[in-house]
Amino acid sequence: MRAGAAVEGEVGRAVAELETPALTVDLDRLEANVARAAAYARERCLALHPHAKTHKTAEIARLQLAAGAAGITVAKSEEAALFAAAGFGPLLAHYPSVGPAKVERLVGVAAVADLTVALDSWAAAEPLARALAAAGRQAEALIELDVGLRRTGLDPAGAVELARRVEGLGGGLRLAGLSCYPGHLRGEGGEIEAGLAAVAATLGEAIELFDAAGLRRERISGGSTRTLYCSHLTPVTELRPGNYVFLDRAEAVGPYSLEDCALRVQASVISTAVPGQVVLDSGSKTLSEAGPPAGLRGFGIAPDLPGLEVERLNEEHAVARVGDGDAAGLAVGDRVELIPNHACSCVNLHDRLYAQRAGVVEAVFPLLARGAVH
Ligand SMILES: Cc1ncc(COP(=O)(O)O)c(C=O)c1O
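This structure is a prediction, so every number in the text was calculated from the model and none was measured.

Definitions and limits used
Residues numbered from 1 in each chain as written. Predicted model: local features only at pLDDT ≥ 70, side-chain atom pairs only at ≥ 80, totals over all residues. Heavy atoms only, no water. Helix = DSSP H or I, 4+ residues; strand = E, 2+ residues; numbered from the N terminus. Rg over C-alpha atoms; globule rule 2.2 N^0.38 Å. Buried < 20%, exposed > 50% of the residue type's maximum accessible area, 1.4 Å probe, protein only. Contact = heavy atoms within 4.5 Å. Lys, Arg positive; Asp, Glu negative; His and termini not counted. Charge placed at Lys NZ, Arg CZ, Asp CG, Glu CD. Domains from an automatic or database assignment. Buried area = accessible area lost by both parts, 1.4 Å probe. Salt bridge = Lys/Arg side-chain N within 4 Å of Asp/Glu carboxyl O. Pairing = 2+ DSSP bridges. Axes fitted to C-alpha atoms, helices over the stretch in contact; angles between N-to-C directions. Parallel < 35°, antiparallel > 145°, perpendicular 65-115°, else oblique. Left-handed = near helix turned anticlockwise from the far one by under 90°. Core = buried A, V, L, I, M, F, W, Y, C linked by side-chain atoms within 4.5 Å. Near = heavy atom within 4 Å. Polar contact = N/O pair within 3.5 Å; in protein donor to acceptor, adjacent residues only side chain to side chain. Areas by Shrake-Rupley, 256 points an atom, 1.4 Å probe, with all protein chains shown as cover.

A.B. asks: I keep staring at the overall build of the protein and nothing clicks. Help me out?
C.D. replies: When helices and strands are counted, the protein shows nine helices and 16 strands. By the compact-globule yardstick of 21 Å for 374 residues, the protein fits well, its C-alpha radius of gyration being 22 Å. Considered along the principal axes of its C-alpha atoms, the protein spans approximately 70 × 45 × 35 Å. Residue burial in the protein is summarised as follows: out of 374 residues, 52% are buried. Within the protein, counting contacts between residues at least 6 apart in sequence, those at least 24 apart form 70% of the total. Seen as two clouds, the 35 positive and the 46 negative side-chain charges of the protein have centres 4 Å apart.

Now the structure itself:
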């Protein structure tokens, strides 16, 4: 079957009749998640630039924009190119795009969409600025600040130094401000608030340095799914949550519960030959190998079968212990619905997403930017 092609007759079919494994999204939950974040952003006067690396899907990006999002965030330059070619913009490419092929791709994006890039090095900034200027294009630049994740991003002094050099470029890139990603904050309630106080302090320090140097900083981008509804505790002007649209087992804490999780893997029992377990047709190539959240076990969770625990994944097999509840009665051919541990890595394994409401497929979304790793 061609990647992304809908199988004839799938729209209108019951989810229970889809060939498995299949990835489904509950539209009622998805729409509620999108609306909740949009309402928060509106109330707090924050611009929402949802991260599309979670869903990689034009239809969901359109839903986010219709709910008031100001633009779409992507990571890789290929994602930017695919969303730009599908007519999306403004786009924020929040990943260091290093090397001539990626620079050229981003110049192509800037030709058809409003483009912003977030970067943390002169080596990423200068070739891009030069190529954009040579093509008569411009993109906005956000300087990435490390607020605790220790991944990408500079300290405040490094950020102001890079900002100065970007401002001095004279073309191609226009300094617009700062960016950060508080992805290290994974706790709940008070822990998030305390963590965000430290994020606010780091951002505040960078802002003071920018102001003292007379550097532009009208945009301050931040946000994550876990910290989303506390974002107003930091001096950000815009947010880039991604996973909030689907949510998953790892995010089902704090302001979210398993009830809010919109994404499911539909699986079937393919063997009960070994006593005490069932084998499902949803292995690591379907569910992803993302491990369980701290303190929990297993790969995904079956909300309707509390006793079932997926203990082991091979590529095409999920081996689950059944316990002595309802799961013990599972037979070959029975269906099991799983919420994955991590939605983003699970989605990237699939060609299409079945959008269902009340158990009936309403649409089939091709995963436009799946596998766009460059
Ligand atoms: C730079 C950046 N911004 C935003 C996000 C979205 O965050 P979340 O997955 O918490 O929604 C991510 C996720 O990895 C990210 O890496």
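A.B. asks: Would you take a moment to explain the domain arrangement of the protein for this structure?
C.D. replies: Many descriptions give the size of an interface as the accessible area lost when the pieces come together. According to the domain assignment, the protein contains domain 1 (15-23 + 256-366) and domain 2 (27-246). On a C-alpha basis, the centroid separation for the pair domain 1 and domain 2 is 33 Å. At the junction of the two partners, domain 1 supplies 19 residues and domain 2 supplies 20 residues. Across the domain 1 to domain 2 interface the summed buried area is about 1700 Å²; carbon plus sulfur atoms make up 56%. Applying the counting criterion to the domain 1 and domain 2 interface returns three salt bridges. Where arginine 357 meets aspartate 28, a salt bridge forms, and the shortest distance between an N and an O atom there is 2.7 Å.

A.B. asks: Any chance you could explain the sheet that holds strand 7 (residues 173-179) here in plain terms?
C.D. replies: Sheets are built from strands that pair by backbone hydrogen bonding, the pairs being arranged parallel or antiparallel. Read from one edge to the other, the open sheet built from eight strands follows the order 2-9-8-7-6-5-4-3, with strand pairing classed as parallel. On the outer flanks of this sheet lie strand 2 (47-48) and strand 3 (72-74), each paired with one strand and no other. Alignment of strand 5 (residues 115-119) against strand 6 (residues 139-144), held across four bridges, turns out to be parallel. Across the sheet, residue valine 117 finds its bridge partner in strand 6, namely alanine 141. Sitting on the sheet, helix 4 (residues 100-112) touches strand 4 (91-93) and strand 5, and the angle it makes with strand 5 is about 145 degrees.

A.B. asks: How should the packing of helix 4 against helix 5 (residues 122-134) be read in this particular structure?
C.D. replies: Two measures define how a pair of helices packs: the angle their axes make with one another and the distance between the axes. Interhelical geometry of helix 4 versus helix 5 gives an angle of 45 degrees and a closest axis separation of 9 Å. The orientation of helix 4 relative to helix 5 falls into the category oblique. When the axes of helix 4 and helix 5 are compared, the crossing they make is right-handed. Across from Val103, Leu106, Val107 and Ala110 in helix 4, the residues of helix 5 making contact are Pro127, Leu128, Ala131 and Leu132.

A.B. asks: For this particular structure, what's the right way to read the pattern of salt bridges?
C.D. replies: Once their charged atoms are close, side chains differing in charge can pair, the charge on each being opposite to the other. Summed over the entire model, instances satisfying the criterion amount to 22 salt bridges. Note that glutamate 337 and arginine 264 form a salt bridge whose closest N and O atoms lie 3.3 Å from each other. Taken together, the residues glutamate 337 in strand 14 (residues 335-338) and arginine 264 in strand 10 (residues 263-271) connect sequence positions 73 residues apart. Of the residues examined, glutamate 337 reaches a relative accessible area of 26% and is grouped as partly exposed.

A.B. asks: What is the right way to look at the nonpolar core in this model?
C.D. replies: In summary, soluble globular proteins display a tendency toward joint burial of nonpolar side chains. If you look at the biggest cluster of nonpolar residues, it comprises 103 residues, and the most contacted ones within it are Leu173, Phe246, Leu280 and Leu308. Looking at this core element by element, the count peaks at seven residues for helix 7 (residues 189-212). The two domains that each donate at least three residues to this core are domain 1 (15-23 + 256-366) and domain 2 (27-246). If you look at the next biggest cluster of nonpolar residues, it comprises six residues, including Leu18, Tyr354, Val361 and Val364.

A.B. asks: Is there a simple way to think about the site of the ligand in this case?
C.D. replies: Inspection of the region around the ligand gives His51, Lys53, His94, Arg151, Tyr181, Ser224, Thr225, Arg240, Pro241, Gly242 and Asn243 as its neighbouring residues. One of the side-chain nitrogen or oxygen atoms of arginine 151 is found 2.9 Å away from an oxygen atom of the ligand. Contact between the ligand and threonine 225: an oxygen atom at 2.5 Å from a side-chain N or O atom of the residue. Relative to its unbound accessible surface of 390 Å², the ligand loses 89% to contact with the protein.

A.B. asks: Can you walk me through the environment of histidine 350 in this structure?
C.D. replies: Mapped onto the elements of the fold, histidine 350 is located in the loop between helix 9 (343-347) and strand 15 (352-357). For the pair formed by histidine 350 and glutamate 208, sequence separation is 142 residues and the distance between their alpha carbons is 45 Å. Other than its neighbours up to four places away in sequence, histidine 350 contacts Leu23, Thr286, Leu367 and Arg370.

A.B. asks: Sorry if this is basic, but what is going on with unusual backbone geometry here?
C.D. replies: Apart from glycine, the bulk of residues carry a negative phi angle, and the bulk of peptide bonds sit in the trans form. A cis amide bond links threonine 20 with the next residue in sequence, proline 21, at an omega value of -5 degrees. For proline 21, the position within the fold is in the segment before strand 1 (22-26). The omega angle of the peptide bond from glycine 89 to proline 90 is -10 degrees, so this bond is cis rather than trans. Summarising the element assignment, proline 90 is placed in the loop between helix 3 (77-85) and strand 4. Phi angles above zero are rare outside glycine, and cysteine 45 is one such case at about 55 degrees. Checked against the element boundaries, cysteine 45 lands in the loop between helix 1 (27-43) and strand 2. At leucine 247, a residue that is not glycine, the phi angle is positive and equals roughly 65 degrees. Locating leucine 247 in the fold gives a position in the loop between strand 9 (238-239) and strand 10.

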